[in-house]
Amino acid sequence: MRGLFLLVTASAALLFTAAGFSQSTENTAPATDAPIASSQAAGMSTTPPSRGKLIAIAGDCAACHANPAGGSEFSGGFALATPMGKVYARNITSDPKTGIGGWTLQEFDQALRGGRSKNIGHLYPAMPYTSYRYMTDDDVKALYDYLMDEVQPVQNAVPETHLGFPFLRSAMVFWDALFSGSGKAPTLENASPQIQRGQYLVDVLGHCGECHTPRGLMLQSKAGSEHLGGAVVGSWYAPNISSDKNGIGRWTDEELKKFLEHGKVKSANAGGDMGLAVRVSLSQLPQSDLDAVVAYLKATPPVVGQPLAPVVEKVAPIEPASVEPVNADYKAFFDASSTNGTLLYLSACAACHGVDGSLAKGAGPSLTHSGAVRASNPINVVQTITTGINLGELDQQHLMPSFRSELNDAQIAAIASYVRQRFGGIQQSVSESEVVSILKGTHDIPWLLLNARWLAWLGLIAGFAVVIGGGLLIARRARLKKAV
Amino acid sequence: MAEYDADVIVIGAGGLGAVVALQAAKAGKSVIMLEAGPEIPNWKVIQNWRSSPRKDNFVAPYGDYPWAPNSYTKGYLDKDIDTLRWPGTVRAVGGTSRHWTGITWRFLPEDFKLQSTHGVGRDWPIGYDDLEPFYTEAEYFIGVSGMDSDDQSGKHAGLAYPHRSKPYPMSPEAKPYSVQRLQMRLAPMGMRIIHAPCARASRNYDGRPACIGNNLCQQPECPIGAKFSGEMAVEKARAAGVKLRSEVVVDTLKKDGSGKITSLSYQTRDGVRQTLKAKTYVIAGHALETPKLLLMNELANRSGQLGRNLMVHPGFASFFEVDEPLWQGRGQYNHAIMVNWRSGDHRKESAAFTMSPWNVNKTADLTNILLQSKLIGSKLDAAIPEAVGRTVMMLSILEDLANPDNGVSLNPNWKDALGLPGLHFKYRVADYTKACLPNIFNDSANIAQAMGVKKAPMLEYFITHGHLMGTVMMGDDPSNSVVDRNLRCHDHENLFLVTTGVYPSSTAVNPTLTGYALAFRAGHYIAAEV
């Protein structure tokens, strides 16, 4: 049985690597290697909140290790959607049974920076150990102390993650061997202490690249060449945040800082998981750290990524009566099947966003400035219409409601097309099937990953065929030899 | 085949029916909701309203369907009334509580004891304390903005009243300019203008955005979903597993010898019939359709009170041209209310009333008036905004008393597309109600004096608010009421009526929150029993 297991994982790994999809394997430095900057340099106070707590905030631990049942933070259970399936964030409170209460510092470190858990073995890189591996020893210790001493132990048994074949935990040995260093950001020459601090916050603690840096076919980071250049993650698009003009190159420092702190500026609104990151992490960073993050992002190597359409300066006026006919008879009153983007926009959207897309001031971007509208892919427009935007306690006055129960996929496609054409100057329309794939989270996922299950089985069967065929051949030869 | 199609069937998918359905579903019961009208998304209602030439008919945007007539369908109500208008009803998923201003008062403790306190009208079989926990539950469900420290009775200056077990979920929205000015200038006359608690979110609440003052609260519906509305309650019920069938009209209820309801049957809008069985039946068809269904089936009428005691809340509207532009029509549709006459000993002789500066833009009405004048051309053009800016509409809600002569009965001479009858609708404003007019005129004179009004009110008229009550009254005595204190029919142990139609008295404030509170109370009761 065990032999079969090994054979399966080995052939899966073989299939992946042999298929020629591997990226250059960067040096897999030991976990303690190359700290980029020390937390101490930023002058973090050791008075409350404790240093460990600040590291937990900057590390955005609470976003994933949340308890969706509403329990206290860090007790886990939140399911992170990945192309391979749901990965459940563990309970990282000090509860000895269901949490990490019995762990030594070394064991904690091995999980945090090495990707191997005392309890469950190899972690999936949904846990950003490929970024955390560059944390300083001091910070690892401070975080350990915080979780052990300050966070209340909570008993909460978290469901096991079962991604199934071929994505087995044991197969992660091979992934780690090849890619655990892939998240290493380019080193900046002559970086000031502030920029170094910013890089530590962005690339190590904040693990921004886990979402914003594109991934290769084996989900390894492309930080070497396209660091922070924008990527599809889950069912949202994490935009280019490199210093290129298609990234944040044209943002002022003040805008960037305001966005990190409040989740909204003239050209962007933090939706999806970015909203969460702003709420539980970025908005709580000290001012000096926010300045450091801004300084570093402005200093990152520019990555062109997907182009951002120029701002549409003047939106042509529209006469609502021209697209809103008087209802002809009673049937028209409840016929809500229209896929006329103009009509839908005027009825469902214009009360907040204005007929010309310029309203909703204070609520977030005008549609003509919005980076999501001007992006070359429609993912975030579709997501925003469907799921809305809610910054929670950060902004109690503005919220975009979800339109999921009011509009079907074709209507969401029609509004997305209308909004992008009219306010983003992007002529390409969004199809209903695109909306479906965006919402399912299968949009723009590597073909290999989407099809990995049957491919791996195919590889396994082929492997068996080779083994059995070879065995038969040998047996036959042996028989022939005997016969001779 | 299973013995029952569901544990509970709720007839009428409005806000109140949805609350009962939700409670039962949360308790693990199977629930079907049946709705005569169609499903219409909010954006479609907005579009219907914008493209409609009939802006004066508030329920027109929800449609007028041959198989599900509403109270404004031509001929459906055979009216014998002495008011200018009559209440609107909505036949659509979400019900009439989609078309509401969203004002969410609690009734006062004394409102439940009108007869024993003032010797008029009827007492309720339950009191404020019985309902208080459910008021709270309803307020948090709906998401109510209100002022915890207000005396809402006008009689307990400086003290919060009535008492509450929990604060309002949200504080009031920002005060519209016109309200600020009116409060400042009317306070010296002793007029207590307070915030009207409402279902508009003043901050993001339960996935709803905060109100941005579109001023369309009930004309036809909040365009951004800041105000709670009946279809949101239905959405919550469906999320909890309640099955909804729309465009089906229940017209038949069958009972056994003991009076228990054994089955119901409905027609689809094309006349296809289906029969369903449940353990418990709930009719939540508002105060017209609920008695109509029972009258059609000769049920629940041991008392002879079925369909009687209709109350509609007459209102009295006056328009004043004040000496400064207040530009009513910016901000919330109805934000502030004068409560001086909401409670007190005067109720022995004359109706309680509340009066509010109705924050709407009256351009159409005022233009019509100015067109009758001699003004033409640029002078007319200038006169319109001048008049609109300085016109204040004061609108009151007058307490109504139950009178068995007011009510609805079947009108077999009118038939809808499915062959079902129309309704005779009779209403007279009570003398008790009219007796409060001197108090209103006195207040009007004070308002005129304080606001520098030089002319008599431009317009004055009786309207009725869209507040239907009384047709299936609740009480402990089966000889003079239709349902008991738990909203169960005296005559049918597995039939409940969840509607504002059960109110024994009307009070002088908007009835909806009390309806939701009663629905929560009945919902818990039904969920535990079935």
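Procedures and definitions
- Residues numbered from 1 in each chain as written.
- Chains lettered and ligands numbered in written order.
- Predicted model: local features only at pLDDT ≥ 70, side-chain atom pairs only at ≥ 80, totals over all residues.
- Heavy atoms only, no water.
- Core = buried A, V, L, I, M, F, W, Y, C linked by side-chain atoms within 4.5 Å.
- Buried < 20%, exposed > 50% of the residue type's maximum accessible area, 1.4 Å probe, protein only.
- Domains from an automatic or database assignment.
- Contact = heavy atoms within 4.5 Å.
- Buried area = accessible area lost by both parts, 1.4 Å probe.
- Salt bridge = Lys/Arg side-chain N within 4 Å of Asp/Glu carboxyl O.
- Polar contact = N/O pair within 3.5 Å; in protein donor to acceptor, adjacent residues only side chain to side chain.
- Helix = DSSP H or I, 4+ residues; strand = E, 2+ residues; numbered from the N terminus.
- Phe/Tyr/Trp six-rings, centres within 6.5 Å; stacked < 30°, edge-to-face > 60°.
- Axes fitted to C-alpha atoms, helices over the stretch in contact; angles between N-to-C directions.
- Parallel < 35°, antiparallel > 145°, perpendicular 65-115°, else oblique.
- Nonpolar A, V, L, I, M, F, W, Y, C, P; charged D, E, K, R; others polar.
- Pairing = 2+ DSSP bridges.
- 1 Å grid on protein atoms, 1.4 Å probe; cavity = no way out; pocket = protein on both sides within 12 Å on 5 of 7 lines; lining within 4 Å.
- Points joined across faces, edges and corners; volume = space filled by probe spheres on them.
- Left-handed = near helix turned anticlockwise from the far one by under 90°.

Points about the nonpolar core
Right, on to step 1. Ranked by size, the top nonpolar core spans 91 residues in total, and within it B:Met33, B:Leu264 and B:Leu294 carry the most contacts.
Right, on to step 2. Here this core spans two domains, and each of domain 1 (1–100 + 230–311 + 467–530) and domain 2 (144–228 + 314–398 + 429–464) of chain B adds at least three residues to it.
Right, on to step 3. Other than its neighbours up to four places away in sequence, B:Leu294 contacts B:Leu253, B:Ile283, B:Leu299, B:Ala300, B:Leu306, B:Val472, B:Leu495 and B:Leu497.
Right, on to step 4. Formed by 69 residues, the second largest nonpolar core is a distinct cluster that contains A:Val151, A:Leu163, A:Leu188 and A:Leu297.

Here's the deal with the domain arrangement of chain B
Residues and elements named next belong to chain B.
Right, on to step 1. According to the domain assignment, chain B consists of domain 1 (1–100 + 230–311 + 467–530) and domain 2 (144–228 + 314–398 + 429–464).
Right, on to step 2. Put simply, the middle of domain 1 and the middle of domain 2, counted by C-alpha atoms, are 30 Å apart.
Right, on to step 3. Taken together, the 27 residues of domain 1 in the interface contact 27 residues of domain 2.
Right, on to step 4. Carbon and sulfur atoms supply 61% of the area that domain 1 and domain 2 bury against each other, a total of about 2300 Å² over both sides.
Right, on to step 5. Per-residue buried area on domain 1 facing domain 2 is highest for Trp100, Met232 and Ala508; these three make up 26% of the total on that side.
Right, on to step 6. Summed over the shared surface of domain 1 and domain 2, the result is one salt bridge.
Right, on to step 7. The partner of Lys236 in a salt bridge is Asp206, and the shortest N-O contact between them spans 2.5 Å.
Right, on to step 8. Our enumeration of links across domain 1 and domain 2 arrives at ten residue pairs in polar contact (both at pLDDT 80 or more).
Right, on to step 9. Contributing elements (two or more residues each) for the side of domain 1 that touches domain 2: α2 (42–50) and α6 (230–239).

Observations concerning the interface of chain A and chain B
Right, on to step 1. Contacts between chain A and chain B engage 28 residues on the former and 34 residues on the latter.
Right, on to step 2. Regarding the contact of chain A and chain B, the summed buried area is about 2500 Å², with carbon and sulfur atoms giving 57% of it.
Right, on to step 3. Its largest share of buried area at the contact with chain B, chain A owes to A:Phe333, A:Phe334 and A:Glu406, together 26% of the area lost on that side.
Right, on to step 4. The tally of links between chain A and chain B comes to one salt bridge.

Let's talk about the packing of aromatic side chains
Residues and elements named next belong to chain B.
Right, on to step 1. Counted under the stated rule, the structure contains 30 aromatic pairs over all chains.
Right, on to step 2. Ring geometry for Phe228 and Tyr516: centres 6.0 Å apart, planes at 75 degrees, overall edge-to-face. Taken together, the positions of Phe228 in the loop between β4 (193–195) and α6 and Tyr516 in helix α12 (residues 512–529) put the pair 288 residues apart, joining distant regions of the chain.
Right, on to step 3. According to the relative accessible area criterion, Tyr516 is buried, its value standing at 0%.

Digging into the packing of helix α4 (residues 128–142) of chain B against α12(B)
Residues and elements named next belong to chain B.
Right, on to step 1. Here α4 crosses α12 at 105 degrees, and the two axes come no closer than 8 Å. The angle between α4 and α12 places the two elements in the roughly perpendicular class. Every residue of α12 that contacts α4 at Asp130, Leu131, Phe134, Tyr135, Glu137, Ala138, Glu139, Phe141 and Ile142 is listed here: Leu513, Thr514, Tyr516, Ala517, Leu518, Phe520, Arg521 and His524.
Right, on to step 2. Looking at side-chain class alone, the contact of α4 with α12 contains eleven nonpolar, two polar and four charged residues.

Some details on the sheet that holds strand β6 (residues 248–255) of chain B
Strand-to-strand pairing in sheets goes through backbone hydrogen bonds, with the strands running parallel or antiparallel.
Residue and element names in this part refer to chain B.
Right, on to step 1. The strand order across the open sheet formed by three strands is β6-β7-β8, and the pairing between neighbours is antiparallel. Looking at which strands have only one partner, the edges of the open sheet turn out to be β6 and β8 (273–276). Across the sheet, the mean angle from the axis of one strand to that of its neighbour is 25 degrees, orientation sign disregarded.
Right, on to step 2. As paired strands, β6 and strand β7 (residues 261–268) are joined by seven bridges and run antiparallel to one another. Pairing of Lys255 across the sheet is with Ile261, part of β7.

Let's talk about empty space enclosed by the protein
Right, on to step 1. Summed over all chains, the structure comprises five cavities of 30 Å³ or more.
Right, on to step 2. Looking at the largest cavity, its volume works out to about 120 Å³.
Right, on to step 3. Taken together, 14 residues line the largest cavity, and the ones lying closest to its centre are A:Ser131, A:Gly183, A:Gly209, A:Glu210 and A:Ser221.
Right, on to step 4. Within the residue set of the lining of the largest cavity, elements represented by two or more residues are α5 (129–132) and α9 (209–212) of chain A.
Right, on to step 5. Residues belonging to the lining of the largest cavity are distributed by class as follows: three nonpolar, eight polar and three charged.
Right, on to step 6. Taken as a whole, the second largest cavity encloses approximately 90 Å³ of empty space.
Right, on to step 7. Forming the boundary of the second largest cavity are 15 residues, of which B:Cys211, B:Asn214, B:Asn215, B:Cys217 and B:Cys222 lie nearest the centre.
Right, on to step 8. Per-class residue counts for the lining of the second largest cavity are eight nonpolar, five polar and two charged.

Details of the packing of helix α1 (residues 15–26) of chain B against α12(B)
All names here are of chain B.
Right, on to step 1. Between α1 and α12, the least distance of the axes is 8 Å, while the angle of their chain directions is 30 degrees. Put simply, α1 runs roughly parallel to α12. The handedness of the crossing between α1 and α12 is right-handed. Only Gly515, Tyr516, Ala519, Phe520, Gly523, His524, Ile526 and Ala527 of α12 make contact with α1, whose side of the interface consists of Gly15, Leu16, Val19, Val20, Gln23 and Ala24.

Re the sheet that holds strand β15 (residues 421–427) of chain B
Residues and elements named next belong to chain B.
Right, on to step 1. The strand order across the open sheet formed by three strands is β3-β15-β14, and the pairing between neighbours is mixed. The open sheet has two edge strands with one neighbour each: β3 (77–81) and β14 (407–415). For this sheet, the mean inter-axis angle between neighbouring strands, taken without regard to orientation, is 25 degrees.
Right, on to step 2. In this structure, β14 lies alongside β15, joined through six bridges in antiparallel fashion. Bridged to Asn411 within β15 is Gly422.
Right, on to step 3. Its contacts with the sheet put helix α7 (residues 286–296) on β3, β14 and β15, and the angle it makes with β14 is roughly 65 degrees.

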